[in-house]
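So you can see what is in the structure, the chains are spelled out below.
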Amino acid sequence: MEPKGMMGGFYKITEWIMRISGSNLLWLICSSPFLFFPITWLFAPTADKEILGSQTLFFMAILAPFTLFPATAALFSVTRKWVMGEGDVGVTKTYFKGYKENYKQSFLGGIFYTLLIVIMIIDYRVYMNQFKNLQLLGMIMLVFLIVLFVSLFNFFGLVAHYHLKVSILLKNSILLTIINPFRVLSTVLCTVLLGFLTYRFPWLILFGFVSLTAFVAFYNFYLGHNKLQEKVQKMREAEEEKAETNETENSDIEENK
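Since this is a predicted model, take the numbers as computed values, not measurements. (Residues numbered from 1 in each chain as written. Predicted model: local features only at pLDDT ≥ 70, side-chain atom pairs only at ≥ 80, totals over all residues. Heavy atoms only, no water.)

Chemist: Any chance you could break down the overall build of the protein for me, citing the residues and the numbers?
Modeler: A tally of regular secondary structure across the protein gives ten helices and zero strands. When the elements of the protein are put in sequence order from the N terminus, they spell out α-α-α-α-α-α-α-α-α-α. A compact globule built from 257 residues should have a C-alpha radius of gyration of about 18 Å, whereas the protein, at 23 Å, is more than 25% larger. Reported as C-alpha extents along the three principal axes, the dimensions of the protein are approximately 90 × 70 × 30 Å. Across the 257 residues that make up the protein, the buried fraction comes to 37%. When contacts within the protein are restricted to residue pairs at least 6 apart in sequence, those whose partners lie at least 24 apart make up 73%. Summing over all exposed atoms, the protein offers an accessible surface of approximately 16,400 Å²; the carbon and sulfur share of this is 69%. In the protein, 22 positive and 19 negative side-chain charges are present, and the distance between their average locations comes to 13 Å. (Helix = DSSP H or I, 4+ residues; strand = E, 2+ residues; numbered from the N terminus. Rg over C-alpha atoms; globule rule 2.2 N^0.38 Å. Buried < 20%, exposed > 50% of the residue type's maximum accessible area, 1.4 Å probe, protein only. Contact = heavy atoms within 4.5 Å. Areas by Shrake-Rupley, 256 points an atom, 1.4 Å probe, with all protein chains shown as cover. Lys, Arg positive; Asp, Glu negative; His and termini not counted. Charge placed at Lys NZ, Arg CZ, Asp CG, Glu CD.)

Next up, the structure:
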């Protein structure tokens, strides 16, 4: 039996802090092979950072599909439950269930995203540094790269919410980003705000930043997705009514004949 009144409110707050921090720590543990390399680079001596930079990016690109993408998809499975009103589910059980069920889709999607991001970054650097007369193409490539990064929010939302083919997940994640730019923009702004708070309070890295970002991202994805579904449903109903009206008019014409 849960306590009531002020103690009940305190209990609820404590419970949500445990859920957020627990899921955040699970993500950090499952992503640790990937995170090891940027953290090592960050704390390396300044003289060694340029030498280690390329090696760090190489290992990050290799490990991202195996660790970072499945871990993030599993975290979105947890925040999906919260957004849909199922806050009482076990965090650890839900996380690893999502990790297992969505590993294939997130792994394959991770390969696609990683390859495309690496190619776009290389192209951008070549256009901007080696071909001064093609810097416009470099800026266009940068815009595509930003869209691709931002579409990851929708990709993880779709992976957590549906069991679809990877090709459909990738296509829909980019389409949703283009169709619902304001939802995605609000997610980005909230992520920037959370990043600023984490910069001011570094302990949020361990106990909340990633989980809160995933919660905001899935919340916006879910609202945008539902509104899109409502529009599609209204269009279908309008088409059905129009078809019924045409059939009625045709039958009336035949009867008059």
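Chemist: Describe the nonpolar core, with residues and values.
Modeler: Counting 44 residues, the largest nonpolar core has Trp 27, Phe 69, Phe 76, Tyr 95, Tyr 113, Phe 155 and Phe 156 as the members making the most contacts within it. Of all the secondary-structure elements, those providing two or more residues to this core are α1 (5–30), α2 (32–42), α3 (46–83), α4 (91–101), α5 (103–129), α6 (135–161), α7 (166–179) and α10 (209–256). With twelve residues, the single largest contributor to this core is α3. Those residues within four positions of Phe 76 in sequence are excluded, and the remaining contacts are Phe 153, Phe 156, Gly 157, Ala 160, Ala 214, Ala 217 and Phe 218. (Core = buried A, V, L, I, M, F, W, Y, C linked by side-chain atoms within 4.5 Å.)

Chemist: Before we move on, could you go through the packing of aromatic side chains and cite the residues and values that matter?
Modeler: Following the criterion strictly, the structure yields 20 aromatic pairs and no others. Plain terms: the ring middles of Phe 76 and Phe 156 are 5.6 Å apart, the flat faces sit at 35° to each other, and that makes the pair tilted. Of this pair, Phe 76 sits in helix α3 while Phe 156 is found in helix α6, placing the two residues 80 residues apart along the sequence. With a relative accessible area of 7%, Phe 156 lands in the buried category. The positively charged end of Arg 19 is found above the aromatic ring belonging to Trp 16, 4.5 Å away from the centroid. (Phe/Tyr/Trp six-rings, centres within 6.5 Å; stacked < 30°, edge-to-face > 60°. Lys NZ or Arg CZ within 6 Å of the ring centre and 35° of its normal.)

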